[in-house]
Each structure stands twice: as structure tokens, then as C-alpha cells.
Amino acid sequence: MTELTVAVEGMSCASCVGRVERALGAVPGVAAANVNLASETARVGFEAPATAETIRQALDAAGYPARVAEVTLRVEEMSCASCVGRVERALAKVPGVLEASVNLAGETARVRYLEGQVNPELLARTATEAGYPATIPQGASDAPDAGARKEAEAEDLKRLTLIAGALALPVFLLEMGGHVLPGFHAFIANTIGHHASWVIQFVLTSLVLFGPGRRFYLKGYPALLHGAPDMNSLVAIGTSAAYGYSVIATFLPSLLPVETRAVYFEAAAVIVVLILLGRWLEARAKGRTGQAIRKLVGLQAKSALVERDGDTREVAIDQIVLGDVIRVRPGERIAVDGEVISGSSYVDESMLTGEPIPVGKGAGDAVVGGTVNGTGALAFLATAVGADTMLAQIIRMVEEAQGAKLPIQGLVDRITMWFVPAVMTLAALTVLVWLVIGPDPALTYALVAGVAVLIIACPCAMGLATPTSIMVGTGRAAEMGVLFRKGDALQRLQEVEVVAFDKTGTITEGRPELTDIELSDGQSRDSVLRLVGAVEAQSEHPVAQAILRAAGNRAALPAVADFASITGFGVRGTVEGRDVLVGARRLMEREGIAIEDLADRGKALAAAGRTPLFAAIDGNVAAVIAVSDPVKPTSRAAIEALHGLGLEVAMITGDAQATADAIASELGIDHVTAEVLPDGKVAALDALRAGGRRLAFVGDGINDAPALAHADIGIAIGTGTDVAIESADVVLMTGDLRGVVNAFDISARTMRNIRQNLGWAFGYNTALIPVAAGVLYPAFGILLSPVLAAGAMALSSVFVLTNALRLRLVQPLLDEKNVGQGAARPLDPAPAE
């Protein structure tokens, strides 16, 4: 029977208590449930089949959710996938833990647990008691310390490697020098003698094994005694066998047949040196896998100038509160998110968007913590601080994605769980076969083959293959403005066959712009825009605002008299004594104004998906103006690139079919679903899924949230709403579609990198374990030395890490250098007069 104390939300009276108790009592396996309203907790006694997860689900279903928290522990001294499995099992056994996911490359354990029963201190203590010291980070600011800790670990391993190497070199030369220098063994025999040489090797090897190499024995043998052998166990047994055999040959030779009296001190010593060398190179490489997080954390300002009590003073960033007024001097980094209240400047937001061009900021504009102010001075109101800032949320998303386990990792975990015991069994079988059928001296051959199998089969590379690629790939993606909110999206993105886009604000700019102006004979662009803009300045209609933006400086426009808005038709007014009329074709017809000269052009603009408006001055048609929601300049190139990746592209919009078809035709979109109401997007996605195809949906608005959640992969434009972003699997920090292409590209590169790593790791073990066991000896006389086995094993892990680090060099598949122009662009504003 297990007892669990759960913090419960939403209880307000005794009837709530009764409902919670009945809900818990209905869970199969729950023997008792005692709910305390005052402390808002439920104490549950249960046994199988009930679990903490089924209890949580029952509370959620009853409308009284359990409080669930999450913590990421930093875990030290893990060396292979077996260690990962042991830490996960130890944490999962803690009553109240819902999920434990350990990342070997990042040396972290992410744990979801029920509040009230579990706390981070208990989890850290559990991992530590399992043999893997764990600590609780104090926040994102700990990330640089993690990098420093990794550097310190690498330095410590470097020191141990050099000490071990210095001690092992004489051993290696004494025993193996004769293979390089003819007559060296005779020289040793005629000077100090072979027995003295063995004694010297014994002393030096003992110093290596019980000095720099003792870490393998302190962890390997306890793990073996607990029935959970790991990589350290393999190294400990292998080197102990070589060392023990050599000690007997040196000091108790009578116990061995004459033909088998040989020493393998050099094998034991050099194995330790090579594995320490591999660990050192691993530590250096692991430190670089988390570089993206450290870069992001490094973007945080340490302090800011804050106005308080009529004074301006330097305040640490963690002491800034909502509503503080913060002053930013030229060149300074903006401390937190806020809204500009005074001043103007250009801000470098490349850390957020990847765009190198600074963005103009003035009163009312939003600024983001971590961006860099230009040459102007700003004062802004803090609107988000601490963990709520955009930079903190980005860091959190990247950390969660880096700690995720992809579906492909499940297979690796299942294999590595039995791999080490299987290797130990195979090594024992190897020794037995050599003893039974091997040539003389059979005992020597059995020892060499058995130790080689133990050493070469360490599954370090298998454990590192997936998480290192995920860490580096998602980190590089973040630097490119692509955030994987859910780590498994990295793999699932490769299963997508169709990419569906919302139109407004995603493919297009999301607001109307004046895109075309065709003039009647004798009219000038600037004059017409000046008069039309003056009239439209009196209207708040979005189309009027589009025309006004094209007309230029509002202050330079002339005054308007007798302004009138004609609902459903347009507007009119008197400007500098001239009667100006602007509206749809039906307005011109109503007023009896002939538009034959421009009628055909108006029809062509309508067929192209734009809205034609006519302007008349003093009773004569002066121009036809086209207003539309223009396509973003990157949309065409992005859609072409997606086609190049073998994907079909669809567009879902509430716009008229003719408008949607026109845009689709110009951009090369494969499927169009138009005139869709907001609640119809989910049904439209299901129609595109016909035949079981996987589908990604890209959107930005509140009305896109259901579709983002319903798609196999939801991709949110980062300039959209918080609701859309929270519903998505992938978030793009830029407002254009280059990020969609780059997301697919980095996903493909990362998954290819993972497959390369796994192929190497499994192929290496599959190919070399039989060689180490001696299958080539009968035919070719080849028997793998334990020293070479240790070197190969160390290089295998280094190869995997180095291959993963190549992802740091990935460049965006689509950037500003290779992006064409969209279908329709806003006209340049007219110059001020």
C-alpha cells in the first residue's frame, strides 16, 4: 500500500470535499481517500493498478485538478545510457512523480510531480542516493555556472588523464618497447631483469588504477552488486581481470602454467588512460552542446536605470517590478519587456528575429528585454519581468525542447537497458569458449578476448547519439528564430506531407495597403493621392488608413470641408474648392460619373484579388485605386522552397474564393479552401488529411488556435497572439515564412544527424564485439588488443559528439539573401509637400 498526499485546487466547501473523495474512491486500486479542506490536500492510500497519474486524471475529471509542478535537476557523474535508466527509475519510484526524463548530454533530469507529496529537495536527494549527485538550479541564471562547471570537469579530467598517461607510458614502453625497438627486451633482461620490470609495471599500474582510475571502481562495482551494471562496471571488470592476472603472474607464478605466465599491466593502465581521455574529450564537447542556452542567458542585462521616488538609480534586474519606469541610454541592453513612454531610437532585435536591420521605436512601441538600444535614449514602462519576459520564455522553451525524448529514443532506451548485462554474458561466454577450444596458452587468449569484449562494448555512444543532436539542433534553431516548444516536434515534422497556411497575417501582411493606382489622362499621382488622402484622413475605415499611409505625411494634407461618409459606397468631401469622391464602382454609377476609361482596369484588379476603388474629382473619374492585403515579401520564396522539399502547400482562408484563387495562382499554392468560418478550419484540415497524410498548420491569430492544436504539427508565427503560440508545437520568432522552411530544414538535418550517430554507435558495437571475441582469429590470426578496444570505444563517443556539434554550423536554408518579392507590395508613400 502506497500513501500519497496531493494538493488539490478548486475546493470551497464540504460538498467539494465529498465530490473529491468520491472521485478518488472510484479509482481502481484506491483503498482510502481523506480530503482536508483547510489545507486543500487529499491523502490517498492506493495499490496497483492505481498510480499517481490515474489519481491525477481522476481529480482533473472531477473538476478539482491536482497541482502539478516541474523541476529540472542538474545530475552529475552519468556516463552512459544505463546511468540514464537508473536515474529515471529511481526518480519514477518516488510516490507522486508523474514523469521523469533524463538527458545524458545535458546532464539534466526533468521531473513532473504532484505538489504536496514531492519537492525538488526530495528528488535531488533521491538521484544523489542512487549514486548520481543532483542539485536544484536556482533559475536561468544558473546556466553560465553549468558551463563553468562543465569546463571545470573537463579540466579535472584533463589533469587525471595527464597523470595517468605519465604513469602508464613507462609501463607501456617496458612491456611493448620490444615491438618497436629490436633488442629492447634483451636489454631489459640483461639490466634489471624481466621480473624487476614486472614489479615496476605493477607499482606504476597500481598508481594509475587506484589514483586517476579509481572512479571506475567506486561506481562500477557497487552498480554490479546492485544488479544494474553500467559502463563503469565493464571497465572495472575488464581492467581488474587484466591487473589481477598480471599480479598473479608476477608474485604467484606457480599458480599458472609456465606457458601462460605473462603480464598485462600495460593493458590495464592504458585502458584507463584512453577512457579518461575519451571522458575528457566528451566533457569538452558536452560543454559546447549547451552553448545556445548560454548565449541566450548572456543576453540578459544585469541591471537597469529605474525611476523610483523621484530619483533614478541602478537596480539589479531581479529587483525590477511591473510598472517601473526604466531609462535606457544609447548602446545599452534593454533589461525587461516594456512599452516606450518617451524618446525615440532604433533597437537591434536580431537576437529575437535574426534580422540585422534595427527597428525604429517611439512612444507606444513595445521593447523586448535582451535587445540592444541604438544611438537614441528611451524611457519605457516595464510590462513583463523575471520569468514572464519573452527572453526568459524563449530560454525555457529551448531548455524543454533540449530535454525532450524523441520517439526514436525509446528504441535506444529499450536496447541499452539490456545491453550491458548481455555484454557481460557474452564476455563470460567468450572466455569459456577460448578455454575449451582455444589454442595454447588458452588462458591468456581467453583473458585477452574477454577483456576486449568488455571494454569495446561500452554503450556510451548509444546513450549520447540522440540527446546531443537534439541539444545542438534545437539550440541552433533558436539562434535562427525557430523555437521547438515540444521536443518531439523535431521528429514529427519529418512525417509531414502537407503544409497548410492561414492567409491573413501569415501569407499576407494582415492589413490592407494601397498596391496600385491607375490614372486618367491629365492626372498626376501625387496630386490625386494628395486630394484623396485628405478626404480619407477623415475616415477610420481600414481601407482609408491604407490610402492615407500611401498619401504620406498627414500633417501636410490640405483641409477638408463638407466631409460625408456614404455607408456601403464610399466618402466625399471638398478639398481646396474641388469636389472629391472616393468609393466603389456603385458609388460612381449612383453619382452618374462615367468610368469607361478605367472600368476594364478595375475588373482586372478585382480578378487579381484586389479591391478596386474609384476616385472622381469635380465630377470626372481621376483614378482607379487598388487596395489589398499584400503578400509578404518572403511568402513566394518560402512556398517554392517547401515545394523543393517535396511538400504540398495549402491555404485556408475566410476570404472570397476569387481573392484566394488569385493569391494561390500567383504563389503556386496547391490546395485552396476559401470562405471558411473560424470554426471551420479544423474541418478543412481533416479534409486535407484524406488518405492518412500528416499535416502541419501555420497560423497567427486567436481563431487559428484550434487548428494549431488539431494539426499534427502546429507552427505559430511569433508576431501573433499568445493563444496561438500556446497552442503550437513550433514557434517562429519572425513574422514571415522563412522560419517555416528553416524549421523543416533544421528538423531534417537533426534527424539525419541522429540517424548517423545511431548508425555509427550500433554499427560499431555490432561489428567490433565479434572481432573482440576473436571470430577473425581462426582464419586470419587477428585478436583485438584490449588497448585498441579502449581506444576505439573512446573514439566512438567522441565521434558521436563531434558529429552532433556539426549542427552548430547549419546556416538558414532561406534568408534575406535568397528571398524574392511577393505578389503585391504596398506603394511607396508620396513625398510630403
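Every value quoted in this text rests on a predicted model; they were computed, and no experiment measured them.

## A closer look at the overall build of the protein chain
Move 1: For the protein chain, the count of helices and strands is 30 helices and 29 strands.
Move 2: With 833 residues in all, the protein chain has 53% of them scored as buried.
Move 3: Accessible area of the protein chain: about 34,700 Å², with a carbon and sulfur share of 57%.

## A few points about the side chain of S539
Move 1: Position of S539 among the secondary structure elements: in the loop between α19 (525-536) and α20 (542-551).
Move 2: Judged by relative accessible area, which is 12%, S539 ranks as buried.
Move 3: Look past the residues within four positions of S539 in its chain and what remains in contact with it is A544, Q545 and F563.

## Comments concerning the packing of aromatic side chains
Move 1: Enumeration according to the criterion identifies 13 aromatic pairs in this entry.
Move 2: Between Y445 and Y777 the ring centres are 5.3 Å apart and the planes differ by 55°, which places this aromatic pair in the tilted class. With a gap of 332 residues between them, Y445 in helix α15 (residues 442-456) and Y777 in helix α29 (residues 777-780) connect regions that are remote in the sequence.
Move 3: Exposure remark for Y777: the relative accessible area of 22% places this residue in the partly exposed category.
Move 4: An aromatic cluster is defined as three or more aromatic residues linked by ring pairs; in this entry it consists of F202, F210, Y217, Y221, Y243, F251 and F265.

## Quick look at the UniProt feature "transmembrane region" (unreviewed entry) in the protein chain
Move 1: The feature "transmembrane region" (unreviewed entry), as given by UniProt, occupies residues 160-180, 192-213, 234-256, 262-281, 415-437, 443-466, 758-777 and 783-805 in the numbering adopted here.
Move 2: The span residues 192-213 is 77% helical and 0% strand by assignment, and the distance between its end C-alpha atoms comes to 28 Å.
Move 3: End C-alpha to end C-alpha, residues 783-805 measures 34 Å, and it is 87% helix and 0% strand.

## Notes on the pairing of strand β8 (residues 303-308)
Move 1: Note: β8 against strand β9 (residues 311-316), 6 bridges, orientation antiparallel. Within β9, the residue paired with E307 across the bridge is T312.
Move 2: Taking the residues that link successive antiparallel strands as the turn, the β8-β9 hairpin has 2 residues, and the phi of D309 there is positive, at about 55°.
Move 3: As paired strands, β8 and strand β10 (residues 325-328) are joined by 3 bridges and run antiparallel to one another.

## Thoughts on the environment of D670
Move 1: Its place among the elements puts D670 in the loop between α24 (657-667) and β26 (671-673).
Move 2: For D670, a relative accessible area of 40% puts it in the partly exposed group.
Move 3: In this structure the C-alpha to C-alpha distance between D670 and A500, which are 170 residues apart in sequence, comes to 9.9 Å.
Move 4: The residues contacting D670, other than those within four sequence positions of it, are H643, L647, E648 and V649.
Move 5: Among the polar contacts made by the side chain of D670, one reaches the main-chain amide nitrogen of V649 at a distance of 2.7 Å.

## Some words on the sheet that holds strand β22 (residues 578-583)
Move 1: With antiparallel pairing, 6 strands are arranged side by side in an open sheet as β19-β24-β23-β22-β21-β20. The outermost strands of the open sheet, each flanked by one partner alone, are β19 (513-519) and β20 (560-566). Averaged over all pairs of adjacent strands, the angle between strand axes in this sheet comes to 20°, irrespective of strand direction.
Move 2: Where α20 meets the sheet, its contacts fall on β19, β23 (611-617) and β24 (620-628), and the angle it forms with β19 comes to roughly 70°.
Move 3: The strands that helix α22 (residues 596-607) touches are β19, β23 and β24; relative to β24, the one it contacts most, it runs at about 5°.

## Here's the deal with the pairing of strand β27 (residues 695-699)
Move 1: The buried fraction of β27 is high, at 5 of 5 residues.
Move 2: By the alternation rule, side chains of β27 split into L695, F697 and G699 and A696 and V698, which are all buried.
Move 3: Strand direction decides the pairing type here: strand β18 (residues 498-502) and β27, joined by 4 bridges, are parallel. Its bridge partner lying in β27, A500 is registered against F697.
Move 4: Here 4 bridges tie β27 to strand β28 (residues 713-717), and the two strands are oriented parallel to one another. If you follow A696 over to β28, its bridge partner there is I713.

## A few points about helix α25 (residues 681-688)
Move 1: Here α25 has its buried residues at K681, A684, L685 and L688. Looking down the long axis of α25, one finds its buried residues gathered within 100° of arc, a one-sided arrangement. Exposed residues lying more than 90 degrees from the buried face of α25 are A683 and A687.

## Remarks on the nonpolar core
Move 1: Among the nonpolar cores identified, the biggest contains 142 residues, and L123, I715, V740 and F744 are the most heavily contacted of them.
Move 2: Looking at which element gives the most residues to this core, the answer is helix α28 (residues 738-773), with 14 residues.
Move 3: With residues near it in sequence (within four places) discarded, L123 still touches V71, L73, L91, V94, V97, V111, Y113 and V118.
Move 4: One finds L514, I517, I625 and V627 within the second-largest nonpolar core, a separate group that totals 25 residues.

## Digging into the confidence of the model for the protein chain
Any segment with low pLDDT has predicted coordinates that should not be analysed in fine detail.
Move 1: Mean pLDDT for the protein chain: 83, with 89% of residues reaching 70 or above.
Move 2: A low-confidence stretch, residues 139-144 stays under pLDDT 50, and its non-local contacts, those more than four residues away or across chains, total 12 contacts.

## Let's talk about the pattern of salt bridges
Move 1: All chains considered together, the criterion is met by 33 salt bridges.
Move 2: A salt bridge links E307 to R327, with the nearest nitrogen and oxygen atoms 2.4 Å apart. Pair noted here: E307 is in strand β8 and R327 is in strand β10, with a separation of 20 residues, a long-range link.
Move 3: A relative accessible area of 37% means that R327 is categorised as partly exposed.
Move 4: In this structure, R492 engages D729 in a salt bridge whose closest nitrogen and oxygen atoms are separated by 3.4 Å. Of this pair, R492 sits in helix α17 (residues 489-492) while D729 is found in the loop between α27 (722-726) and β29 (730-732), placing the two residues 237 residues apart along the sequence.
Move 5: What makes R492 partly exposed here is its relative accessible area of 21%.
Move 6: Residues joined in a network through salt bridges with shared partners are E495, D686, R689, R694 and D712.

## A few points about the packing of helix α7 (residues 194-210) against helix α9 (residues 231-251)
Move 1: Between α7 and α9, the least distance of the axes is 10 Å, while the angle of their chain directions is 150°. Viewed along their axes, α7 and α9 adopt a mutual orientation that is roughly antiparallel. Between α7 and α9 lies a crossing whose hand is left-handed. Here α7 contributes H195, W198, V199, F202, T205, S206, L209 and F210 to the contact with α9, which in turn contributes Y243, V247, A249, T250 and F251.

## Topic: the sheet that holds strand β25 (residues 648-652)
Move 1: The 7 strands are arranged β17-β29-β28-β27-β18-β25-β26 in an open sheet whose pairing can be described as mixed. In this open sheet, the two edge strands, each paired with only one partner strand, are β17 (482-484) and β26. Here the average twist between neighbouring strands, direction ignored, is 20°.
Move 2: Sheet strands in contact with α25 are β18, β25, β26 and β27, and its direction is about 155° off that of β25.

## A short note on the environment of A773
Move 1: Mapping A773 onto the fold places it in helix α28.
Move 2: On the basis of relative accessibility, which here comes to 16%, the residue A773 falls in the buried class.
Move 3: Considering only alpha carbons, one finds A773 and V448, 325 residues apart in sequence, at a separation of 8.9 Å.

## Considering unusual backbone geometry
Move 1: Here A48 and P49 are connected by a cis peptide whose omega angle stands at 10°.
Move 2: Counting through the fold element by element, P49 comes out in the loop between β3 (41-46) and α2 (52-62).
Move 3: Here the residue pair D440 and P441 is connected by a cis peptide bond, since its omega of -5° sits within 30 degrees of zero.
Move 4: Structurally, P441 is set in the loop between α14 (407-437) and α15.
Move 5: We note that D562 has phi near 55°; this positive angle belongs to a residue other than glycine.
Move 6: For D562, the position within the fold is in strand β20.
Move 7: With a relative accessible area of 63%, D562 lands in the exposed category.
Move 8: With a phi close to 55°, E675 is a non-glycine residue in the positive phi region.
Move 9: With respect to the helices and strands, E675 occurs in the loop between β26 and α25.

The rules behind the values
Residues numbered from 1 in each chain as written. Predicted model: local features only at pLDDT ≥ 70, side-chain atom pairs only at ≥ 80, totals over all residues. Heavy atoms only, no water. Helix = DSSP H or I, 4+ residues; strand = E, 2+ residues; numbered from the N terminus. Buried < 20%, exposed > 50% of the residue type's maximum accessible area, 1.4 Å probe, protein only. Areas by Shrake-Rupley, 256 points an atom, 1.4 Å probe, with all protein chains shown as cover. Contact = heavy atoms within 4.5 Å. Phe/Tyr/Trp six-rings, centres within 6.5 Å; stacked < 30°, edge-to-face > 60°. UniProt positions renumbered as here; feature names shortened; annotations may be inferred. Pairing = 2+ DSSP bridges. Polar contact = N/O pair within 3.5 Å; in protein donor to acceptor, adjacent residues only side chain to side chain. Axes fitted to C-alpha atoms, helices over the stretch in contact; angles between N-to-C directions. Arc of directions from axis to C-beta. Core = buried A, V, L, I, M, F, W, Y, C linked by side-chain atoms within 4.5 Å. pLDDT = per-residue confidence, 0-100. Salt bridge = Lys/Arg side-chain N within 4 Å of Asp/Glu carboxyl O. Parallel < 35°, antiparallel > 145°, perpendicular 65-115°, else oblique. Left-handed = near helix turned anticlockwise from the far one by under 90°.

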